[in-house]
Amino acid sequence: YNADETQIIFRALGMGAGDLNPHFFHWPASPLMYAAFALFGAYYVAGTALGAFHSVQDFAQHVVADPSALVILARGLVAMVGTASVYLNYWIARRFFGSHGIGLAAALFLALAPLHVAWSKSALADVPMVLGAQLFLLACHLTWERGQLRYYLLAGVFLGLATSLKYSGAIASPALLAAHWARSKGKFPWRSLLHPWIGLAAIAAVLAFVVATPFSALSFPEFKRDLSYITSYVYTGQPWATPPLPPGLYVVMSALPQALGAALTIVSLAGVAYALYRRTPADIILLGGLLSIYLTIALARTLFLQYALPLLPFLTLLAARAAV
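Thresholds applied
Residues numbered from 1 in each chain as written. Predicted model: local features only at pLDDT ≥ 70, side-chain atom pairs only at ≥ 80, totals over all residues. Heavy atoms only, no water. Axes fitted to C-alpha atoms, helices over the stretch in contact; angles between N-to-C directions. Helix = DSSP H or I, 4+ residues; strand = E, 2+ residues; numbered from the N terminus. Parallel < 35°, antiparallel > 145°, perpendicular 65-115°, else oblique. Left-handed = near helix turned anticlockwise from the far one by under 90°. Contact = heavy atoms within 4.5 Å. Nonpolar A, V, L, I, M, F, W, Y, C, P; charged D, E, K, R; others polar. Salt bridge = Lys/Arg side-chain N within 4 Å of Asp/Glu carboxyl O. Buried < 20%, exposed > 50% of the residue type's maximum accessible area, 1.4 Å probe, protein only. Phe/Tyr/Trp six-rings, centres within 6.5 Å; stacked < 30°, edge-to-face > 60°.

Novice: Please clarify how the packing of helix α15 (residues 281-299) against helix α16 (residues 311-323) should be interpreted in this entry.
Specialist: Helix packing geometry: the angle between the two helix axes and the distance between the axes. Between α15 and α16, the least distance of the axes is 9 Å, while the angle of their chain directions is 140 degrees. One finds that α15 runs oblique with respect to α16. As for how α15 packs across α16, the hand of that crossing is left-handed. Contacts between α15 and α16 pair Asp 283, Leu 286, Leu 287, Gly 289, Leu 290, Ile 293, Tyr 294 and Ile 297 from the former with Leu 311, Phe 314, Leu 315, Leu 317, Leu 318 and Arg 321 from the latter. Tallied by class, the residues present in the contact of α15 with α16 amount to eleven nonpolar, one polar and two charged.

Novice: Whenever I open this one, the pattern of salt bridges confuses me. Can you help?
Specialist: Pairing between side chains becomes possible if they bear opposite charge and their charged atoms approach one another. In this structure the tally under the stated criterion is six salt bridges. Here Arg 75 and Glu 5 are joined by a salt bridge, their closest N and O atoms 2.8 Å apart. Remark: Glu 5 occurs in helix α1 (residues 5-14) and Arg 75 occurs in helix α4 (residues 68-97); sequence separation between them is 70 residues. Residue Arg 321 is joined to Asp 283 by a salt bridge in which the shortest nitrogen-to-oxygen separation is 2.5 Å. With Arg 321 in helix α16 and Asp 283 in helix α15, this residue pair connects regions lying 38 residues apart in the sequence. For Arg 321, a relative accessible area of 9% translates into the label buried. Each of Arg 95, Glu 145 and Arg 146 takes part in salt bridges that share partners, so that together they form one network.

Novice: Any chance you could explain the packing of aromatic side chains here in plain terms?
Specialist: Here the distance between the centres and the angle between the planes together describe a pair of aromatic rings. Considering all chains together, one arrives at 18 aromatic pairs under this definition. Relative to Trp 27, the ring of Phe 24 has its centre 4.9 Å away and its plane inclined at 80 degrees; by these criteria the two rings are edge-to-face. Both residues of the pair, Phe 24 and Trp 27, belong to the buried class. Their ring planes at 45 degrees and their centres at 6.1 Å tell us that Phe 220 and Phe 223 sit as a pair that is tilted. You can see Phe 220 and its partner Phe 223 sitting in helix α12 (residues 220-236), three residues apart, about one turn around the helix. Taking relative accessible area as the criterion, Phe 220 reaches 45% and is therefore assigned partly exposed. Exposure remark for Phe 223: the relative accessible area of 11% places this residue in the buried category.

Novice: Sorry if this is basic, but what is going on with unusual backbone geometry here?
Specialist: Glycine aside, the phi torsion of most residues is negative, and most peptide linkages are trans. At the junction of Trp 27 and Pro 28, the peptide bond is cis and its omega measures out at 10 degrees in the coordinates. Located in the positive-phi region is His 23, a residue other than glycine, with phi close to 55 degrees. Along the chain, His 23 turns up in the loop between α1 and α2 (30-49). When its relative accessible area of 35% is taken as the criterion, His 23 is described as partly exposed. Phi at Ala 29 is positive, roughly 70 degrees, even though this residue is not glycine. Following the sequence through the fold, Ala 29 ends up in the loop between α1 and α2. Look at Ala 29 and you get buried, because its relative accessible area is 0%.

Structure, rendered in structure tokens:
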């Protein structure tokens, strides 16, 4: 078991007592907790109908004695999200690069990425956050392609959803600025990034975050306490999670080979170099998000391998285009 899985499973189970406040905002992962709560409720209803449980107390005794059914349900939910993420990688690549072959390669690369596979087996919010970031990326492309307010707002909503799963979802936000800049063909001054539609997208992101994590507002002191704690945890450094190399170098030399495998890391870096050479609107959007995520990780003093997960959609898309 991953020790952090208990934060999802037992806090979701605890909501059955009537308190929907998870009292936990370190990640914050609230949408996954609420989804797990709904799944556990369905399990209880089905078990009662089939005669496996005779009361709430009976159900509680069963799951305390053997919580494996809840673990399987929660892990299965995340595994389905991880599978959907692979499928979505295909559609993003096809939309960005207009190629069925690149789409298949992008899906294959994410399906084979060891880090994505490993974390798709755990009842944690990291892989659902990746799916939220992918939806945000797709909305960024629609923003560049069509330039309508609805797509700016849609990008904001998906960004807020990704952030409500893991705070690291927010660091892909420069992809929207890159899409806005690419739509203007890179000819406007930087102050034009203060376009009101960008502001509306930011408001949509905040509102989506609050809707998905309602107790961030309803129990603000708890939210503020946990957010302050996790920020300090990541940026002050922890002896057991301090990389042996400077974080920026460690990501390239160690984290990515573990996350993608050595061969796919090389193809991904070639994809980044090719994108820097081509600089098409799709490249600009992907590079904008990728650079922001990389720099955020490079500035952290505490570094776990799963911090590389937000990089994977961007790198596998660029790797697929370079390979094809």
